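Letter by letter, the chains look like this.
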Amino acid sequence: EAQVTQNPRYLITVTGKKLTVTCSQNMNHEYMSWYRQDPGLGLRQIYYSMNVEVTDKGDVPEGYKVSRKEKRNFPLILESPSPNQTSLYFCASKYQGTYTFGSGTRLTVV
Amino acid sequence: SQQGEEDPQALSIQEGENATMNCSYKTSINNLQWYRQNSGRGLVHLILIRSNEREKHSGRLRVTLDTSKKSSSLLITASRAADTASYFCATDATGGATNKLIFGTGTLLAVQP
């Protein structure tokens, strides 16, 4: 089944403790991206990647890092999480204009 | 803000009725897409309409696009309780560094059994 898989689904962590949210797609898509969803602000793009080793900032990249060492994986890294990064995160891949989203990661930073 | 606006913000209807949601956007687009999200869960792609299309159907869904007014509508016919969800429009824009979807604010649809 064609899908985008994110892990973990839920995560509670403490301020400053580095974490990684993984994202993997099995569709051989070149484009992948990360979004965060917040009440009243909707979905906003954090980072995107056009292909392996090609990444670029989205609208809200501060406090996040990404890497794209292989086509299928696009992890989101929070080096020093802060409470304002508490959010629902989505990874997506795209092919010919159609996006496939992961099931989401609900992150709480206390 | 680059976000689109959706109207209404919330809609409550009875099972069997039709539900219409509207979306306005600000930029020129390649395509417009509609997504569904069940409470706090993942986004499910419903339908994509390209900028040169005016209407598209998929099952009980009908989408229209008016690029002159920068607006789109999503019609769900013969609604079911299982259609209860939030619905978002998203535009894939043309020009510039626009490698992203720009999402609308969403319509929360409640279908009462």
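Here the structure is a predicted model, which means the values were calculated and not measured. (Residues numbered from 1 in each chain as written. Chains lettered and ligands numbered in written order. Predicted model: local features only at pLDDT ≥ 70, side-chain atom pairs only at ≥ 80, totals over all residues. Heavy atoms only, no water.)

## Some details on the overall build of chain A
Right, so step 1: Secondary structure summary: chain A contains zero helices and 11 strands in total.
Right, so step 2: Secondary structure elements of chain A, listed N to C terminal, follow the sequence β-β-β-β-β-β-β-β-β-β-β.
Right, so step 3: Expected size for 110 residues packed as a compact globule is a radius of gyration near 13 Å; at 13 Å, chain A falls within 12% of this value.
Right, so step 4: For chain A, buried positions account for 50% of its 110 residues.
Right, so step 5: A separation of at least 24 residues holds for 52% of the contacts in chain A among residues at least 6 apart in sequence.
Right, so step 6: Looking at chain A as shown, the accessible area adds up to about 5300 Å², and 50% of this sits on carbon and sulfur atoms.
Right, so step 7: With 13 positive and 9 negative side-chain charges, chain A shows a spacing of 5 Å between the two charge centroids. (Helix = DSSP H or I, 4+ residues; strand = E, 2+ residues; numbered from the N terminus. Rg over C-alpha atoms; globule rule 2.2 N^0.38 Å. Buried < 20%, exposed > 50% of the residue type's maximum accessible area, 1.4 Å probe, protein only. Contact = heavy atoms within 4.5 Å. Areas by Shrake-Rupley, 256 points an atom, 1.4 Å probe, with all protein chains shown as cover. Lys, Arg positive; Asp, Glu negative; His and termini not counted. Charge placed at Lys NZ, Arg CZ, Asp CG, Glu CD.)

## Re the interface of chain B and chain A
Right, so step 1: At the junction of the two partners, chain B supplies 19 residues and chain A supplies 22 residues.
Right, so step 2: For the pair chain B and chain A, the summed buried surface comes to about 1600 Å²; carbon and sulfur atoms form 47% of the total.
Right, so step 3: The largest contributions to the chain B side of the interface with chain A come from Leu43, Asn99 and Lys100 of chain B, which together make up 33% of the buried area.
Right, so step 4: Connecting chain B to chain A are one salt bridge.
Right, so step 5: In this structure, Asp59 of chain A and Lys100 of chain B form a salt bridge, with 2.6 Å as the shortest nitrogen-oxygen distance.
Right, so step 6: For the pair chain B and chain A, the interface holds four residue pairs in polar contact (both at pLDDT 80 or more).
Right, so step 7: Contributions of two or more residues to the side of chain B that touches chain A are made by β4 (29-37), β5 (43-50), β9 (85-93) and β10 (101-103) of chain B.
Right, so step 8: By residue class, the composition of the side of chain B that touches chain A is six nonpolar, nine polar and four charged. (Buried area = accessible area lost by both parts, 1.4 Å probe. Salt bridge = Lys/Arg side-chain N within 4 Å of Asp/Glu carboxyl O. Polar contact = N/O pair within 3.5 Å; in protein donor to acceptor, adjacent residues only side chain to side chain. Nonpolar A, V, L, I, M, F, W, Y, C, P; charged D, E, K, R; others polar.)

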